[in-house]
Amino acid sequence: MDLTRLLRPNSIAVIGGGAWCQQVVLQSERMGYSGQIWPVYPKANEVAGHQAYARLEDLPAAPDAVFIGINRHATIEAAQVLSRMGAGGAVCFASGFSEATAEDVTGGALQDQLIKAAGDMPILGPNCYGFINALDGALLWPDQHGATPVDKGVAILTQSSNISINLTMQKRGLPIAYMVTCGNMAQTSQAQIAASLIDDPRVTAVGLHVEGFKDIREWEALAAKAHDKGIPLIALKVGASEKARAATVSHTASLAGSDAGAQALLARLGIPRLSTLPEFLETLKLLHCYGPLPGGSIASISCSGGEASLIADMAVGTGLNFPNLSKDKKACLRDALGPMVALSNPLDYHTYIWRDEEAMARAWSGMTGDDIDLTVSIVDYPTTDPADWACATQAALRVRAETGARFAVAATLPELLPDTVAQELMTGGVVPLMGLREALSATRAATQISAPATDPICLPGKVDATTTLTEAQAKQALAECGLLIPQHRTVRDAAEARNAVQKLQAPFAVKGVGLAHKSEHAAVRLGVSAADVADVARDIGTEEILIEEMITGPVVELLIGVVRDLAHGFVLTLGAGGLMTEILRDTVSLLVPSTADDIRVALGSLNIAPLLTGYRGQSAADMDAIISAVQAVQDYVMQNADTLGEVEINPLLCTPDTAVAVDALIRKA
């Protein structure tokens with residue numbers, strides 16, 4: 001759907017004459033909009049100083065963008081007329097559509113009518129504030145805002161109009177080119193809007209405040225397009241995804257959690273996820289200045305040992321690192337700082353050179369280089385008289401101009417970097433970062449932008465997956481896809497048990513059939529001899545008994561689980577298995593299908609990863625066999641996607657030369 005005319009209009013029509021609609025006219029005028037503005041309001045001759053037209057049909061031409069600021073029933077009628085006229089698109093301000101269905105049963109029906117009335121004409125909303133285009137001064141926006149005209153900048157899309165207002169009020173030096181609210185997304189989705197915005201070469205990065213993913217294929221297309229164009233995307237994902245599970249009968253379903261699918265989807269799309277609005281804004285600022293960072297090697301400089309220690313401690317666990325200083329760097333720093341300063345990274349350069357702009361620039365330049373992805377100078381500007389700190393601003397600007405290095409000035413507290421200073425630094429190509437935690441989060445996110453996966457996500461069917469296969473049935477189904485399982489027999493009484501073990505090799509695992517969590521019912525007995533099988537089977541007491549050859553010498557026990565998530569696909573969870581599953585809760589989630597490399601990296605991120613590679617001289621697990629087991633499970637999922645609810649292998653016993661599933665669960669339609 002082409003949103004060009006709507007988002008970058010040469011003419012704007014405003015339907016309605018109330019205070020909201022008058023604001024739309026005034027906001028565009030104040031931003032310097034040079035196109036035509038046509039109010040449509042039969043009860044007055046003019047609106048906000050512009051000639052008013054009684055009907056849409058009276059307009060000089062079909063408008064490019066329309067703000068429909070009338071009630072919900074009239075909105076539907078107006079959309080139909082505009083569609084017939086060939087308008088470029090409309091913002092539907094009215095509420096009372098699908099978001100009100102719980103209180104008003106007509107809301108959903110009215111939204112369907114609106115979609116039909118709009119036809120091929122793009123609409124934003126309903127129940128949304130519209131958008132700000134600060135590049136061209138076009139504001140279909142009915143309220144206050146803090147945006148200012150810019151030549152280039154970031155685009156922000158949010159499903160919350162109130163959050164969008166707040167974000168425009170930021171005083172962080174971030175140039176916002178577009179602020180777009182999505183509302184109910186009745187017809188035009190967030191991914192479609194973002195895909196249109198990145199066609200504007202003046203957009204440097206896109207921030208997405210996401211409550212839910214509507215169409216996975218659209219998000220895959222957006223990520224691919226953004227990567228091809230070199231436009232980084234970041235997301236602030238909130239809310240819980242809707243899990244399609246009738247009951248939590250597996251460990252996987254409880255461990256994966258409602259948010260695992262969203263996290264796995266964003267990672268697969270190469271979109272970093274932020275958790276707070278300040279981190280979101282600081283990341284956009286960093287990306288606007290420098291784009292994605294090639295790595296996580298940073299250098300820190302400050303005139304306080306306290307600040308040097310603070311950033312070093314705060315960086316622990318972020319994946320960022322402080323490389324040791326090279327000989328060349330030490331020589332440069334020693335020349336600028338003299339013999340009294342201990343040289344290290346993070347660097348405390350004391351205050352010997354304070355106010356000497358040239359010496360400060362030389363010292364700070366010494367902390368840049370090809371091995372440093374971002375250099376951060378920690379500077380807190382006093383709220384009383386910041387004049388004495390101008391030397392720090394100028395030194396930072398000199399470093400950027402003379403070295404071309406990626407350089408940031410970061411305040412430990414957000415309020416200690418004034419907006420005027422932030423603007424000056426941004427103009428000179430230095431990124432001002434407000435708050436050390438936010439600075440580190442932004443830096444980390446800028447390193448996580450990557451190419452999206454090329455394989456389409458496997459999408460599940462919308463069925464009631466309420467049938468649970470027996471363990472033997474589940475194992476056999478997975479074995480047909482290449483999963484290794486133990487030799488086994490299913491019996492019904494002690495006599496059959498005695499006969500069955502004649503063809504199997506002891507020791508045995510004897511299990512009750514038909515129980516979701518067998519260990520909780522004492523229905524799993526291990527290390528059973530051939531002589532004791534009949535008595536153990538009788539003691540377990542279930543109608544059917546599963547007897548298996550035990551796998552000996554495991555290095556580690558793993559969990560492989562897949563749950564259907566209608567919002568994101570099939571969530572593949574890997575983690576510590578067996579008795580440690582619920583105790584350690586050590587898991588990582590991907591989406592099906594994932595490549596062998598993805599699986600290997602995911603396994604390496606687990607806390608139990610050292611066991612896989614041979615901890616303290618112990619034997620290593622056969623990683624190729626483990627990956628083959630995971631891929632066998634994925635193959636089964638993809639072959640049964642339309643009917644599958646969940647699959648779980650727990651545990652997968654991993655030895656130095658094999659990986660065998662000794663328990664399996666499948667739930668499907």
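Our structure's up above, just so we're on the same page.
Just so we're clear, the structure is a prediction, and the values are computed from it rather than from any experiment. (Residues numbered from 1 in each chain as written. Predicted model: local features only at pLDDT ≥ 70, side-chain atom pairs only at ≥ 80, totals over all residues. Heavy atoms only, no water.)

(A) Just the overall build of the protein chain, in detail. What the protein chain contains, in helices and strands, is 23 helices and 30 strands. Oriented by its inertia axes, the alpha-carbon framework of the protein chain measures out at about 95 × 80 × 35 Å. When the accessible surface of the protein chain is summed, it comes to about 27,000 Å², and 49% of that surface belongs to carbon and sulfur atoms. Here the protein chain holds 49 positive side-chain charges and 73 negative ones, and the gap between their average locations is 1 Å. (Helix = DSSP H or I, 4+ residues; strand = E, 2+ residues; numbered from the N terminus. Areas by Shrake-Rupley, 256 points an atom, 1.4 Å probe, with all protein chains shown as cover. Lys, Arg positive; Asp, Glu negative; His and termini not counted. Charge placed at Lys NZ, Arg CZ, Asp CG, Glu CD.)

(B) Highlighting the packing of aromatic side chains. As enumerated under the stated definition, the model contains nine aromatic pairs in all. Ring centres of Phe 67 and Phe 93 lie 5.4 Å apart, and the angle between their planes is 40°; this geometry places the pair in the tilted category. Pair noted here: Phe 67 is in strand E5 (residues 65-68) and Phe 93 is in the loop between strand E6 (90-92) and helix H4 (106-118), with a separation of 26 residues, a long-range link. Accessibility classification places Phe 67 together with Phe 93 in one group, the buried group. The interplanar angle of 65° and the centroid separation of 5.5 Å between the aromatic rings of Trp 354 and Trp 389 together place this pair among those described as edge-to-face. In this pair, Trp 354 sits in the loop between strand E16 (347-348) and helix H13 (357-365) while Trp 389 sits in the loop between strand E17 (374-378) and helix H14 (390-403), placing the two residues 35 residues apart along the sequence. In this structure an aromatic cluster arises from ring pairing among Trp 20, Phe 67, Phe 93, Tyr 129 and Trp 141. (Phe/Tyr/Trp six-rings, centres within 6.5 Å; stacked < 30°, edge-to-face > 60°. Buried < 20%, exposed > 50% of the residue type's maximum accessible area, 1.4 Å probe, protein only.)

(C) Layout of the sheet that holds strand E9 (residues 138-140). Strand order in the open sheet made by the seven strands is E9-E8-E11-E10-E12-E13-E14, with mixed pairing throughout. In this open sheet, the two strands that pair with only one neighbour each are E9 and strand E14 (273-274). Pairing geometry for strand E8 (residues 131-133) and strand E11 (residues 176-181), over three bridges, is antiparallel. The partner of Ile 132 across the bridge, within E11, is Met 179. (Pairing = 2+ DSSP bridges.)

(D) Representation of the pattern of salt bridges within the structure. Within the structure shown, the criterion is met by 28 salt bridges. Here Lys 475 and Glu 548 are joined by a salt bridge, their closest N and O atoms 2.0 Å apart. Placement of Lys 475 in helix H17 (residues 471-479) and of Glu 548 in strand E24 (residues 545-549) is noted, with a sequence separation of 73 residues between them. We note a salt bridge from Arg 492 to Glu 543, for which the minimum N-O separation is 3.2 Å. With Arg 492 in the loop between strand E21 (488-491) and helix H18 (494-500) and Glu 543 in the loop between helix H19 (533-540) and E24, this residue pair connects regions lying 51 residues apart in the sequence. Ionic contacts of the salt-bridge type, sharing partners, join the residues Arg 8, Asp 136, Asp 200 and Arg 202 into one network. (Salt bridge = Lys/Arg side-chain N within 4 Å of Asp/Glu carboxyl O.)

(E) View of the state of the cysteines. Following the criterion strictly, the structure yields zero disulfides and no others. The cysteine Cys 182 is free of any disulfide, with Cys 128 supplying the nearest cysteine sulfur at 7.7 Å. The structure places no disulfide on Cys 332, whose sulfur is separated from the nearest cysteine sulfur, that of Cys 391, by 18 Å. (Disulfide = S-S within 2.5 Å.)

(F) Seen up close, the packing of H14 against helix H15 (residues 419-427). Taken N-terminus to C-terminus, the directions of H14 and H15 make an angle of 15°; their axes are 10 Å apart at the nearest point. The angle between H14 and H15 places the two elements in the roughly parallel class. Handedness of the H14/H15 crossing: right-handed. On the side of H14, the interface is formed by Thr 393, Gln 394, Ala 396 and Leu 397, while H15 contributes Val 421, Glu 424 and Leu 425. (Axes fitted to C-alpha atoms, helices over the stretch in contact; angles between N-to-C directions. Parallel < 35°, antiparallel > 145°, perpendicular 65-115°, else oblique. Left-handed = near helix turned anticlockwise from the far one by under 90°. Contact = heavy atoms within 4.5 Å.)

(G) Inspection of unusual backbone geometry at higher detail. Look at the link from Gly 125 to Pro 126: it is a cis peptide, with omega at 5°. As for its placement among the helices and strands, Pro 126 is situated in the loop between strand E7 (123-124) and E8. The omega torsion of the bond from Asn 345 to Pro 346 falls at 5°, within 30 degrees of zero and hence cis. Position of Pro 346 relative to the elements: it lies in the loop between helix H12 (327-337) and E16. In this structure, Arg 585 is a non-glycine residue whose phi angle is positive, near 50°. Relative to the helices and strands, Arg 585 is located in the loop between helix H20 (580-584) and strand E27 (587-591). A relative accessible area of 45% means that Arg 585 is categorised as partly exposed.

(H) Quick look at the environment of Asn 345. Looking at the element boundaries, Asn 345 is found in the loop between H12 and E16. Judged by its relative accessible area of 13%, Asn 345 is buried. Spatially, the C-alpha atoms of Asn 345 and Pro 507 are 58 Å apart, while their sequence positions differ by 162 residues. Residues within four places of Asn 345 in sequence aside, it is in contact with Ile 298, Ala 299, Ser 300, Phe 322, Pro 323, Leu 325 and Met 367. One polar contact links the side chain of Asn 345 to the main-chain carbonyl oxygen of Ile 298, over a distance of 3.1 Å. (Polar contact = N/O pair within 3.5 Å; in protein donor to acceptor, adjacent residues only side chain to side chain.)

(I) Spatial organisation of the nonpolar core. Among the nonpolar cores identified, the biggest contains 139 residues, and Val 206 and Trp 364 are the most heavily contacted of them. When residues no more than four places from it in sequence are discounted, the contact partners of Trp 364 are Ile 301, Tyr 349, Ser 377, Val 379, Ala 392, Ala 395, Ala 396, Val 399 and Phe 407. (Core = buried A, V, L, I, M, F, W, Y, C linked by side-chain atoms within 4.5 Å.)

(J) Fine view of the packing of H13 against H14. Direction vectors running N to C along H13 and H14 enclose 50°, while the axes themselves pass 8 Å from each other. The angle between the axes of H13 and H14 places the two elements in the oblique class. As H13 runs across H14, the sense of the crossing is right-handed. Here H13 contributes Glu 357, Glu 358, Met 360, Ala 361, Trp 364 and Ser 365 to the contact with H14, which in turn contributes Cys 391, Ala 392, Gln 394, Ala 395, Ala 396, Arg 398, Val 399 and Thr 403. Along the lines of polarity and charge, the residues of the contact of H13 with H14 split into eight nonpolar, three polar and three charged. (Nonpolar A, V, L, I, M, F, W, Y, C, P; charged D, E, K, R; others polar.)

(K) Geometry of the sheet that holds E24. Read from one edge to the other, the open sheet built from four strands follows the order E21-E24-E22-E23, with strand pairing classed as antiparallel. Of all the strands in the sheet, the pair left with one neighbour each is E21 and strand E23 (524-528). Adjacent strand axes in the sheet meet at a mean angle of 20° when their direction is disregarded. Where E21 meets E24, four bridges bridge the pair, whose relative direction is antiparallel. Residue pairing across strands places His 488 opposite Glu 548, the latter belonging to E24. Each of E21, strand E22 (508-512) and E24 is contacted by H17, which is oriented at about 45° to E24, the strand it contacts most. Sheet strands touched by H19: E22, E23 and E24. Its angle to E22, the strand with the most contacts, is close to 20°.

(L) Looking closely at the environment of Gly 119. Within the secondary structure, Gly 119 is located in the loop between H4 and E7. Residue classification places Gly 119 among the partly exposed residues on the basis of a relative accessible area of 34%. Taking the C-alpha atoms as reference points, Gly 119 and Thr 490, 371 residues apart in sequence, are found 60 Å from one another. Once residues within four sequence positions are removed from consideration, Gly 119 is found in contact with Ser 83 and Gln 187.

(M) Representation of the pairing of E11 in the model. The buried fraction of E11 is high, at six of six residues. Bridging between strand E10 (residues 153-158) and E11 involves five bridges; their strand directions are parallel. By the bridge assignment for E11, Ile 156 is matched with Met 179. As a crossover connection, the stretch from E10 through helix H5 (residues 161-168) into E11 is right-handed. (Right-handed = clockwise from strand over helix to strand, strands pointing away.)

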